[in-house]
Amino acid sequence: MLHRRSTTFIAVSAAAAALLTLSACGGSIGNNKDGSGKSGGTTITVGTTDKVIALDPAGAYDQGSWTPIQNIYQHLMTVAPGAKTATPDAAQSCAYTNLTTYTCTMKPGLTFSNGDPLDAKAVAFTFNRIDKINDPKGPSSLLTNIKKATAQGNKVVLTLGTPDQTIPLLLAGGEGALVDPKVFSDTKVLDSAKVIGSGPYKIDKYDVGSQLVLSKNPKYKGADKLANDKVIIVYKQKTSDLKLSLENADIDVAYRTLAPTDLTSLAKESSKGVKVVYGPGAEIRYVDFDVTTQPGKQKAVRQAAAYLVNRQQIASDVYDGSVEPLYSIVPTGLLGATEPFKDLYGTTPNLAKAKAVLKAAKISTPVNMTLWWNPDHYGELSGDEYAALEKQFEAGGLFKVTRRSVDWNTYDEDSKKHAYPVYELGWFPDYPDADDYLSPFFIKGGFSNTGYDNPALDKVINAQRGEMDQTKRVSELTQAQKTVAQDVPLIPIWQGKQNAGIRSNITGVKDTFDASFNFRFWLVGKKK
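Because the structure is a prediction, the values reported are computed rather than measured.

### Focus on the overall build of the chain
In terms of helices and strands, the chain carries 15 helices and 20 strands. On C-alpha atoms alone, the chain measures out to a radius of gyration of 23 Å, which is about the 24 Å that the 2.2 N^0.38 rule sets for 528 residues. Along the three orthogonal principal directions, the C-alpha set of the chain runs to about 70 × 60 × 40 Å. Looking at the chain residue by residue over its 528 residues, the buried ones come to 58%. Look at the contacts in the chain between residues 6 or more apart in sequence, and 73% of them connect residues 24 or more apart. Here the chain displays about 20100 Å² of accessible surface, and carbon together with sulfur accounts for 50% of that area. The averaged location of the 55 negative side-chain charges in the chain is 2 Å from the averaged location of its 60 positive side-chain charges.

### Remarks on the confidence of the model for the chain
Here the chain averages 90 in pLDDT, while 92% of its residues score no lower than 70. Contacts for the low-pLDDT stretch residues 1-40, under 50 throughout, to residues beyond four places or in other chains number 137 contacts.

### Considerations on the nonpolar core
Counting residues in each nonpolar core, the largest one holds 78 residues, and the members touching the most others are L76, Y102, L118, F127, L171, V253 and V509. Per-element accounting of this core gives the leading share, eight residues, to helix α2 (residues 120-133). For L171, the contacting residues outside a window of four places in its chain are H75, L76, M77, Y102, F127, I146, L158 and G176. Judged by nonpolar contacts, the second largest core, of 68 residues, contains Y386, V422, A480 and V484.

### Examining the pairing of strand β18 (residues 490-503)
Each regular strand carries side chains that alternate between the two faces of the sheet. Buried residues dominate β18, accounting for 13 of its 14 residues. In terms of strand pairing, strand β12 (residues 253-254) meets β18 through two bridges, oriented antiparallel. In the strand pairing of β18, A254 is matched with G501. By the bridge criterion, twelve bridges tie strand β13 (residues 274-289) to β18 in an arrangement that is antiparallel. Residue E283 lies in a different strand from β18, and its bridge partner there is G496.

### Examining the environment of V179
Summarising the element assignment, V179 is placed in the loop between α3 (167-170) and β9 (201-207). The exposure class of V179 is buried, given its relative accessible area of 1%. Separated by 205 residues in the primary sequence, V179 and D384 have C-alpha atoms spaced 43 Å apart. Among all residues touching V179, those that are not within four sequence positions of it are P57, Y73, F112, A122, F125, T126, R129 and F184.

### Let's talk about helix α9 (residues 351-360)
Among the residues of α9, those classed as buried are A354, V357 and L358. All buried residues of α9 fall inside an arc of 95° around its axis, so they share one side. Set apart from the buried face of α9 by more than 90 degrees, the exposed residues are A352, K359 and A360. At the C-terminal side of α9, K362 shows a positive phi close to 60°.

### Section: the packing of aromatic side chains
A complete count under the given rule lists 22 aromatic pairs for this structure. When the centroid spacing of 6.4 Å and the interplanar angle of 65° are considered together, the rings of F513 and F519 count as edge-to-face. Accessibility classification places F513 together with F519 in one group, the buried group. The structure contains a cluster of three or more aromatic residues connected by ring pairs, namely W372, Y378, W408, Y411, Y420 and Y423.

### Description of the packing of helix α6 (residues 299-308) against α9
Packing of α6 against α9 leaves a shortest axis separation of 8 Å and a crossing angle of 175°. Taken together, α6 and α9 sit at an angle that is classed as roughly antiparallel. Where α6 abuts α9, its residues A300, V301, Q303, A304, Y307 and L308 lie against L351, K353, A354, V357 and L358. Of the residues in the contact of α6 with α9, the class split is nine nonpolar, one polar and one charged.

### Quick notes on the state of the cysteines
Think of a disulfide as a covalent bridge from one cysteine sulfur atom to another cysteine sulfur atom. Under the definition given, this model contains one disulfide. Here C94 connects covalently by a disulfide to C104, the sulfurs 2.1 Å from one another. One disulfide, between C94 and C104, carries an S-S torsion of 115° and so falls in the right-handed class. Taken together, the positions of C94 in strand β5 (residues 91-98) and C104 in strand β6 (residues 101-106) put the pair ten residues apart, joining distant regions of the chain.

### Here's the deal with the pattern of salt bridges
Going through the model one piece at a time under the given rule, you end up with 21 salt bridges. E339 is paired through a salt bridge with K342; the nearest N and O atoms lie 2.9 Å apart. For R403, the salt bridge goes to E390, with nearest N and O atoms at 2.7 Å. Separated by 13 residues along the polypeptide, R403 in strand β16 (residues 399-405) and E390 in helix α11 (residues 382-394) bring together distant segments of the chain. Residue classification places E390 among the buried positions, given a relative accessible area of 18%. It is possible to trace a salt-bridge network through shared partners that takes in K243, E247, E269 and K272.

### Topic: the side chain of K243
Relative to the elements of secondary structure, K243 occurs in helix α4 (residues 239-247). In terms of polar contacts, K243 uses its side chain to reach the side chain of E247, at 2.8 Å. With near-sequence residues (within four places) excluded, K243 lies in contact with L258, D262, S265, L266 and E269.

### Considerations on the side chain of E424
As for its position among the elements, E424 is in strand β17 (residues 422-427). At 2.9 Å, the side chain of E424 forms a polar contact with the side chain of S382. Discounting chain neighbours no more than four positions away, the residues touching E424 are R285, Y286, W372, W373, N374, Y378, S382, E385, Y386 and Y411.

### A word on helix α1 (residues 63-72)
A large share of α1 lies buried, amounting to ten of its ten residues. Where α1 is concerned, the buried positions are Q63, G64, S65, W66, T67, P68, I69, Q70, N71 and I72. Tucked inside the fold, the buried residues of α1 contact β9, β10 (211-216) and β11 (230-235).

Calculation criteria
Residues numbered from 1 in each chain as written. Predicted model: local features only at pLDDT ≥ 70, side-chain atom pairs only at ≥ 80, totals over all residues. Heavy atoms only, no water. Helix = DSSP H or I, 4+ residues; strand = E, 2+ residues; numbered from the N terminus. Rg over C-alpha atoms; globule rule 2.2 N^0.38 Å. Buried < 20%, exposed > 50% of the residue type's maximum accessible area, 1.4 Å probe, protein only. Contact = heavy atoms within 4.5 Å. Areas by Shrake-Rupley, 256 points an atom, 1.4 Å probe, with all protein chains shown as cover. Lys, Arg positive; Asp, Glu negative; His and termini not counted. Charge placed at Lys NZ, Arg CZ, Asp CG, Glu CD. pLDDT = per-residue confidence, 0-100. Core = buried A, V, L, I, M, F, W, Y, C linked by side-chain atoms within 4.5 Å. Pairing = 2+ DSSP bridges. Arc of directions from axis to C-beta. Phe/Tyr/Trp six-rings, centres within 6.5 Å; stacked < 30°, edge-to-face > 60°. Axes fitted to C-alpha atoms, helices over the stretch in contact; angles between N-to-C directions. Parallel < 35°, antiparallel > 145°, perpendicular 65-115°, else oblique. Nonpolar A, V, L, I, M, F, W, Y, C, P; charged D, E, K, R; others polar. Disulfide = S-S within 2.5 Å. Salt bridge = Lys/Arg side-chain N within 4 Å of Asp/Glu carboxyl O. Polar contact = N/O pair within 3.5 Å; in protein donor to acceptor, adjacent residues only side chain to side chain.

Structure, rendered in structure tokens:
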């Protein structure tokens, strides 16, 4: 799973002047109790095959770490379940005071779980610390447009490099988790077992690679009401272990990652007290071309490959219907998402058009293609997926494909060195916005850019970041996606649904499934 963002931001449209009028005001503070006034819930045990890199927000930029981080720490802003915009959390209100200044007024009386004050100074410390540490496994690349964070009384002022309407959503993500300056160093990442936050939960115990025990934070003053008192996260090595633990009632929730065949099997096992729940998701997988090397250096080759892909076959035969065909780098469900790959290349393979585009470019066939994939990071079914792609690309004799795979550490490092001409990658959202699927990939110098350079596309992508007129922004997003489909620096393959296996007495899991990909433990309850 690739989970990174770009580091380059170019000046955006003057239309961002509308940012001056954008603001948000906070609501009332909750009391962690249900409507009856009684503390709700009990212990929920969640099983997962995800791995934790770090529980210090400055050292983590991966899905396995961000899930607990989002539950341990508070943020200036939050994204409510199903929402596409951010609203204040630790902040009382936030607003753009000019085109490149975003100011938040803090709620009074907030503290971390140890009683230390959560104030504007702590917020400024948080963002300056991430930039200063700049950990290679951390989220500093997400925050490069925040040039400085300053505390001014009960206000924190974020100075931006360019106008940026995605800042409220960024502040709600894992990179926006607020830390205690009396506990966290500003020069190094803190040991995961020692971290503290001000969110709904606090850490009771952490055994690396085994379990993480969270309990209700009595000092939490956010608006979220907890449906349970304690969450135990149990880390499993294999998906088969995850399924068995759920069937044996050793865990209440199996979340990330059950195999598609396990999901199908569990859906039929109501007699064992289990069921499967699904919800929208924004995880994507795609075939990436390194456009600095052959064969991806030639646009006609990339276009021919796009004509030969059968996404529905992969979704149905390899993933048993647990994923959906994806026809844009921007997944469906986000503002401005379109399907230009469907419009340009169709939904089924078109050998005639693939031949024609290669012939017009005077490219001899078969074109040699080395197709790289990774099994230990992207799952056991990646092998089947890329075997299917090999057959699709070789149909009609236009390509001669050699499939290869290596371990993830090698794969991750070598892909950054332009070692693979055509290869598998995936993406999880940093925040629920189309920009998160454009800036990292296509702006020159972006984190996930593989040598692709289109100044006109850079201009459109950067314009939409500051465009507050939604009609104009959707037009810019549409143009950006169309250009990507025309140039084909990558081929989107599928979009994943979120899913979990749960015991039949568990509630609230489906409520947390949305495009933000934030698993909100506090929504999960248990019927008596």
